[in-house]
Amino acid sequence: MESPTSAAARPDFYDFLDRMRRPAAADLFRSIKSFLVSFSFHEPNAEEDGSKVQAFLTEMESAIRDHPLWANATNQEIDYALEGLEKYIMTKLFDHTFGASAEDAMTDMEISEKIGLLQQFVKPHHLDIPKVLQNEASWLLAVKELQKINSFKAPREKLICIMSCCQVINNLLLNISMSNDRTLSGADEFLPILIYITIKANPPQLHSNLKFVQLFRRETKLISEVEYYLTNLISAKMFIVDVNAGSLSMEESEFQKHMESARLATQMSAASPSSSQGLPTSAKAHEEEADLTGSRFPFMDSETESLSPGEVKRLHHMYRQVVTRYTLLSKALRKLSIDEDQLLNSVDDS
C-alpha cells in the first residue's frame, strides 16, 4: 500500500525540484513565484483560492508540455511534473489555504467534540455492522492511517491517507467475502465501517482536511476509486454532524442519556486536576494527554470574571500542556520533513 512518505509516492516531486533548479526553467519559475506572491495581496477565501489554483495548474500543464525541459516527455512524465508542481505550490500556500477561516475552525472543533462524545458509547452494532465484518486488528490499522492526515501539507498526500484507510476496509471486506462465500453489498457495508473508523480515529481537523483536498487536489485526479473513497468519507463526516437516535438504532431517550453522560464524563475528566495524583508517571502522562485530546474545552463557555483562582490555575496548567505538546509535535514533524523543506528552499534560492 502506498504511503505518502514512500519513495514510490513522490518521485515526481524530486524530479520537479531538480528541473526547477536548472537555468532553462527560469521562465516557469518566474510564473510560479508570481502566482504565489499574488496570494499575499488578498484575504483567504477557500472557494476562490481553489478556483485560482485549479486554473493555474491547468495553465501550467500547457506550459510544461510545450517546454524544452519536457521535450518528448511521456504523459506519465508530464503528470509527474504536475504532481510536483501541485505539491510545491500547496506547501507554500498551506498556511493561507488550510483551515484559514474562523468558520472552518469552529466546524472542526464542533465535529471533534461530537466525535469525542460518540467515542464513549457508540459500538459497531449501533451502526448495524454484523459481527462477521468486525475485525479489530484491521480497524486499528485503518484508524492509524486516517490519523496521519495532518502530518502532510500536500493535497495528494492527505488523500493517500484517506485512500489507505479506505483500502484497509475494502481489503477486509474482500477477504471476508472470499472466506465466507459472502456477496458484498457495496456502500451498505463499507460506509458504516468507515463511519465507525472515523469515530474511533477522531482525525484532526476533519472538515478542513476534506475541504482542502476537494478544493486543491487536481480535479482530473478526483475520479474513479479516489472519488468514491473521498465521497464516502465526506458522507461519514455528514453522518456524524447530523447523528441522532434514529441513525444509531436507538430510542431518543437512550441517545440523549448517552450523550449527556458522555458530556458529564468529559467535563469531570477535564476539571479534576487532583485525579492524577499518586498515579505512576506513565499513567499520569497518559491521563494528561487524554485531557488534550477528544477536544475537551471545559472553560470555553466561561466568563473570565467568573473563574475562581483554582480554575485560573487549572487553565494555565492546561495552556502550558498545550504549548509543550505543540512544540514537541512541531519539532518532530519538522525533523521528519526537513529533507523536503531543504529542497523547497533550495529551489527558492536558486
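For the chain, the name recorded in an unreviewed UniProt entry is VPS9 domain-containing protein, with Digitaria exilis as its organism.

Caption draft 1: Highlighting the pattern of salt bridges. Summed over all chains, the structure comprises 14 salt bridges. The partner of Asp 79 in a salt bridge is Lys 221, with the nearest N and O atoms 3.0 Å apart. Of the two residues, Asp 79 is situated in helix α4 (residues 75-92) and Lys 221 in the loop between α10 (206-216) and α11 (224-241); the sequence distance between them amounts to 142 residues. Its relative accessible area of 18% is what places Asp 79 among the buried residues. Given a relative accessible area of 26%, Lys 221 falls into the partly exposed group. For the salt bridge of Glu 83 with Arg 217, the shortest nitrogen-to-oxygen distance reads 2.6 Å. Here Glu 83, found in helix α4, pairs with Arg 217, found in the loop between α10 and α11; they are 134 residues apart in sequence, far enough to count as distant. Judged by its relative accessible area of 5%, Arg 217 falls in the buried class. Because the salt bridges share partners, they merge into one network encompassing Asp 79, Glu 83, Glu 86, Arg 156, Arg 217, Arg 218 and Lys 221.

Caption draft 2: Molecular detail of the environment of Trp 139. Assignment of secondary structure puts Trp 139 in helix α7 (residues 136-147). Filtering out sequence-adjacent residues up to four positions away, Trp 139 remains in contact with Pro 124, Ile 129, Leu 133, Gln 134, Leu 172, Ile 193, Tyr 196 and Ile 197.

Caption draft 3: Layout of the environment of Val 143. Within the secondary structure layout, Val 143 lies in helix α7. In this structure the C-alpha to C-alpha distance between Val 143 and Ala 201, which are 58 residues apart in sequence, comes to 5.0 Å. Setting aside chain neighbours within four positions, we find Val 143 in contact with Ile 197, Lys 200 and Ala 201.

Caption draft 4: How the structure looks around the confidence of the model for the chain. Mean pLDDT over the chain stands at 84; residues scoring 70 or higher make up 75%. Confidence, expressed as mean pLDDT per element, reaches its minimum in the chain at helix α13 (residues 281-292) with 46 and its maximum at α10 with 97. Note that pLDDT drops below 50 for residues 275-295; the model gives that stretch 25 contacts with residues more than four away or on any other chain.

The rules we used
- Residues numbered from 1 in each chain as written.
- Predicted model: local features only at pLDDT ≥ 70, side-chain atom pairs only at ≥ 80, totals over all residues.
- Heavy atoms only, no water.
- Salt bridge = Lys/Arg side-chain N within 4 Å of Asp/Glu carboxyl O.
- Helix = DSSP H or I, 4+ residues; strand = E, 2+ residues; numbered from the N terminus.
- Buried < 20%, exposed > 50% of the residue type's maximum accessible area, 1.4 Å probe, protein only.
- Contact = heavy atoms within 4.5 Å.
- pLDDT = per-residue confidence, 0-100.

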